[in-house]
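# Structure assessment
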Amino acid sequence: MIDASQRMIDVQSKVTGEAKDGLGLSPIMKKHLELEIRTLQNAPRDLDKLRRLLEIKQRQKEEEAYHIEDTQRLVTEIEMLKVVLYLMCRKQR
């Protein structure tokens, strides 16, 4: 997943200037992909710590996210943490 996001960013960096004919990523999408990568790289590998972090992020989203930017950031982090949690639980079975 990290590799796929990184490839999308790399392709964007090869497209110079503004996106032409629909090619390239918008700055918002690039920021989103970078957040996904950072979240996946920094996610705890301990199942209990991961669950606690996920609960904290969900609580932050419900209680503290008043601006759309905060909500989008938290949703992205929550989605990536859920992916890691799923993969860790699947591996333990």
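Per chain, residue numbering runs from 1 following the sequence as it is written. In keeping with the predicted nature of the model, local features appear solely for residues at pLDDT of at least 70, side-chain atom pairs appear and are counted solely at 80 or more, and the whole-chain, interface and lining totals rest on all residues. As a convention, hydrogens and water are excluded, and side-chain values are obtained from all of the structure's heavy atoms.

In this section: the overall build of the chain. Secondary structure follows DSSP: runs of H or I at least 4 residues long count as helices, runs of E at least 2 residues long count as strands, and numbering of each begins at the N terminus. Per the secondary structure count, the chain includes 4 helices and 0 strands. Each helix and strand of the chain, ordered N terminal to C terminal, gives the series α-α-α-α. The classification of residues rests on relative accessible area computed with a 1.4 Å probe and restricted to protein chains. Under 20% of the type maximum is buried, over 50% is exposed, and intermediate values are partly exposed. Here the chain holds 93 residues, and the buried ones make up 28% of them. Contacts are residue-level and defined by heavy atoms, with any inter-residue pair within 4.5 Å sufficient. Contacts in the chain between residues far apart in sequence, at least 24 positions, make up 71% of those at least 6 positions apart. Here the accessible surface of atoms and residues is derived via Shrake-Rupley with a 1.4 Å probe, and residues count as covered only by protein chains that are part of the display. Here the chain displays about 7000 Å² of accessible surface, and carbon together with sulfur accounts for 51% of that area.

Below, the discussion takes up the pattern of salt bridges. Throughout this description, the term salt bridge denotes a Lys or Arg side-chain nitrogen within 4 Å of a carboxyl oxygen of Asp or Glu. Across all of its chains, the model carries 2 salt bridges by this definition. The salt bridge involving E77 is made with R73; its shortest N-O contact spans 3.5 Å. Taken together, the residues E77 and R73, both in helix α4 (residues 68-92) and 4 residues apart, mark about one turn of the helix. The network of salt bridges with shared partners includes K57, R73 and E77.

Let's shift gears to the environment of V84. Topologically, V84 is positioned in helix α4. Looking at V84, the relative accessible area reads 9%, which means it is buried. Along the sequence, V84 and L47 sit 37 residues apart, while their C-alpha atoms lie 9.4 Å from each other. Those residues within four positions of V84 in sequence are excluded, and the remaining contacts are L40, A43, P44, R45 and L50.

Between the first and last C-alpha of helix α2 (residues 27-42) there are 22 Å, a value that for 16 residues agrees with the 22 Å anticipated at 1.5 Å per step. Of all the residues in α2, the buried ones are L33, L35, E36, I37, T39 and L40. A helix is expected to span 1.5 Å for every residue after the first.

What follows is about the environment of E55. Mapped onto the elements of the fold, E55 is located in helix α3 (residues 47-63). Judged by its relative accessible area of 44%, E55 falls in the partly exposed class.

It is worth spelling out the packing of α2 against α4 at this point. Packing of α2 against α4 leaves a shortest axis separation of 9 Å and a crossing angle of 40°. Between α2 and α4, the crossing angle belongs to the class labelled oblique. Considering the relative orientation of α2 and α4, their crossing is right-handed. Residues H32, L35, E36, T39 and L40 of α2 pack against R73, T76, E77, M80, L81 and V84 of α4. In the contact of α2 with α4, the residues fall into 5 nonpolar, 3 polar and 3 charged. Lines fitted to C-alpha atoms define the axes, with helix axes restricted to the stretch in contact, and inter-axis angles between N-to-C directions lie between 0 and 180 degrees. Orientation categories follow fixed angle ranges, with anything under 35 degrees roughly parallel, anything over 145 roughly antiparallel, 65 to 115 roughly perpendicular, and all other angles oblique. Put simply, a crossing is left-handed when the front helix is turned counterclockwise from the back one by less than a right angle, and right-handed when it is turned clockwise. Only Asp, Glu, Lys and Arg are considered charged in this grouping, and only Ala, Val, Leu, Ile, Met, Phe, Trp, Tyr, Cys and Pro are considered nonpolar; every other residue, Gly among them, is considered polar.

The next subject is the side chain of E36. Along the chain, E36 turns up in helix α2. Only four residue types enter the tally: Lys and Arg on the positive side, Asp and Glu on the negative side; His and the chain ends are excluded. Although buried, E36 forms no salt bridge, and the nearest oppositely charged side chain, R38, lies 11 Å from it. In terms of polar contacts, E36 uses its side chain to reach the side chain of H32, at 2.9 Å. Setting aside anything within four residues of it in sequence, one finds E36 in contact with S5, T76 and M80. The definition of a polar contact used here is a pair of N or O atoms within 3.5 Å, where within protein one atom must be able to donate a hydrogen and the other to accept one, and adjacent residues in sequence count solely through side-chain atom pairs.

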